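Descriptive analysis of the structure
Take a look at the letters that make up each chain.
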Amino acid sequence: RNGWAVFSLNCCYFIFFFSPFSVDPAEQSLLNKLIRHNLVKNRNQVEVLQRDPNSPLFSVKTFEELRLKPQLLQGVYTMGFNRPSRIQENALPMMLAEPPQNLIAQSQSGTGKTAAFSLAMLSHVNPANKWTQCLCIAPTYELAVQIGHVIEQMGKFYPEVKLAYAVRGNRLLRGTTIQEHIVIGTPGTVLDWGLKLKFFDPKKIRVFVLDEADVMIATQGHQDQSIRIQRLLPKDCQMLLLSATFEDSVWSFAERIIPDPNIIKLKREEETLDTIKQFYVVCKEKEDKFSALCNIYGSLTIAQAMIFCQTRRMASWLSGQLSSEGHQVALLSGEMMVEQRAAVIERFREGKEKVLVTTNVCSRGIDVEQVSIVVNFDLPVGRDGNSDNETYLHRIGRTGRFGKKGFAFNMVDSQETMDLIHQIELHFDRKIVKLDTDDLDELEKMMN
Ligand SMILES: *[C@@H]1O[C@H](CO)[C@@H](O)[C@H](O)[C@H]1NC(C)=O
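Residues numbered from 1 in each chain as written. Predicted model: local features only at pLDDT ≥ 70, side-chain atom pairs only at ≥ 80, totals over all residues. Heavy atoms only, no water.

Some words on the pairing of strand 14 (residues 355–358)
On a regular strand, one side chain projects to one face of the sheet and the next to the other, so that they alternate. Burial along strand 14 is two-sided: Val355 and Val357 and Leu356 and Thr358, pointing in opposite directions, are all buried. Looking at chain direction, strand 12 (residues 304–308) and strand 14 are connected through four bridges and run parallel. Looking at the pairing, Met306 lines up with Leu356 of strand 14. The pairing of strand 13 (residues 329–332) with strand 14 spans four bridges and is parallel. Each bridged residue has a counterpart across the sheet, and for Leu331 the counterpart in strand 14 is Val357. In this fold, the crossover linking strand 13 to strand 14 by way of helix 12 (residues 338–349) has right-handed handedness. (Buried < 20%, exposed > 50% of the residue type's maximum accessible area, 1.4 Å probe, protein only. Helix = DSSP H or I, 4+ residues; strand = E, 2+ residues; numbered from the N terminus. Pairing = 2+ DSSP bridges. Right-handed = clockwise from strand over helix to strand, strands pointing away.)

With respect to the UniProt feature "short sequence motif: Q motif" (unreviewed entry) in the protein
As annotated by UniProt and renumbered to match this structure, "short sequence motif: Q motif" (unreviewed entry) occupies residues 61–89. Secondary structure across residues 61–89 divides into 45% helix and 0% strand, with the first and last C-alpha atoms of the span separated by 6 Å. (UniProt positions renumbered as here; feature names shortened; annotations may be inferred.)

A short note on the environment of Ser123
If you trace the backbone, Ser123 turns up in helix 4 (residues 113–124). In this structure the C-alpha to C-alpha distance between Ser123 and Leu72, which are 51 residues apart in sequence, comes to 7.8 Å. Apart from the residues lying within four places of it in its own chain, the contact partners of Ser123 are Leu68, Lys69, Leu72 and Leu96. (Contact = heavy atoms within 4.5 Å.)

Re the nonpolar core
In terms of nonpolar packing, the biggest core is built from 76 residues, with Met95, Phe117, Met121, Ile182 and Leu240 touching the most fellow members. There are two domains that each give this core at least three residues, and those are domain 1 (4–27 + 271–447) and domain 2 (45–266). Leaving out residues up to four positions away in the same chain, Leu240 has contacts with Met95, Gln101, Leu103, Phe117, Ala120, Val207, Phe208, Val209, Leu210 and Ile258. One finds Ala164, Trp193, Phe200 and Ile229 within the second-largest nonpolar core, a separate group that totals 31 residues. (Core = buried A, V, L, I, M, F, W, Y, C linked by side-chain atoms within 4.5 Å. Domains from an automatic or database assignment.)

Some words on the side chain of Asp211
You can see Asp211 is positioned in the loop between strand 8 (207–210) and helix 7 (213–218). Under the relative-accessibility criterion, Asp211 is labelled buried at 4%. In contact with Asp211, not counting residues within four places along its chain, are Thr114, Phe117, Ile137, Ala138, Pro139, Ile147, Met216 and Leu242.

Structural notes on the pattern of salt bridges
Taken as a whole and judged by the stated rule, the model has nine salt bridges. Of the charged contacts in the structure, one is a salt bridge between Glu425 and Lys431, with a shortest N-O distance of 3.5 Å. By relative accessible area, which is 15% here, Glu425 ends up buried. When its relative accessible area of 64% is taken as the criterion, Lys431 is described as exposed. (Salt bridge = Lys/Arg side-chain N within 4 Å of Asp/Glu carboxyl O.)

Laid out in structure tokens, this is it:
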């Protein structure tokens, strides 16, 4: 996974450490599911694009309005949901509609998508019919199991509905026809079960869910398998596609797989930038960056901070330095197992450590609400050497949430880094202010 690449640039040679922080999107998604106990609060606007603009916009503020089966309503409340999340307000009426409507929904993880489509599947099952009626595919074994747990919890008071896992290792006798109403699995095994082994009849599927579309298309072969599965289904089958992000590639995949969709999107996070003050600090080298960091952090003793480094090596050096200065430091790094990472985040979240040093592994999707400072010890750079604007946004988006003030500090140690700062300013059309770390009175005033 790691490698060295040598670039020649204007007759100088740079050795560039290549993607030691490449994040496995499926692992990232699993991590988010493991550390999430509650829905993320979201202030962002929901955009709804209706296929039929003549039918009135319909959204709900309570679960009662959805007229769910009482057993399911009980399941919803037992899971601790009191009212629909922003995305659920709009998505659930569409998902539960008769006749069924197709839907593409995009929102960050933790906004209630899994619960929404689980509810849709459970609602559309007729338990008296002993055959598979709903099919859900997810990119990995672990993610399929996680989704299955949500369905099981949600359906706790509706035990007539049965669930089967079409995942590797789950072998059935040839010639079996399964009676489970809902099948959840990974694309390869689902394709085997439906097409080759005929464990269920794809023509009898009423609801098809493709979860984590962005992760799905990042895996070789999954895209084709998903399309092959979709082709087996009846025309009037309800199709739902969920994704945390929506790059062009996800979008074109979604359009191929979901005919005549309604679309729901949570507006982008850019607006949160307005609650974040962004600074840059000029330093000479890493020791200098370190003392600047200590200066800044010293004037902000109560706050929790997340510090991002480009490499694991830098991250472990920095956390060592900070520890020797007496700080309680947590280190999160790519070589850790997902469960270990979840434990580190949990401790940080509980406030056991004030500082979290990390590489890119934890920049996406992880909500640690109390962080008021984000430090880019190294700025995020893309493969092309330009600023990685998305990653920058994800990193500093950890701060300034829920109307709180947030602060982002960028350490600048070369002209190249300064150029990155300018690119980021240009990209987001926001100013990044120069900070003099010898005079932090202004900063302290701002923060307190
Ligand atoms: C980030 O934005 C800047 C300014 O718009 C642009 O020059 C740069 O190419 C962008 N970076 C990437 C990786 O797209």
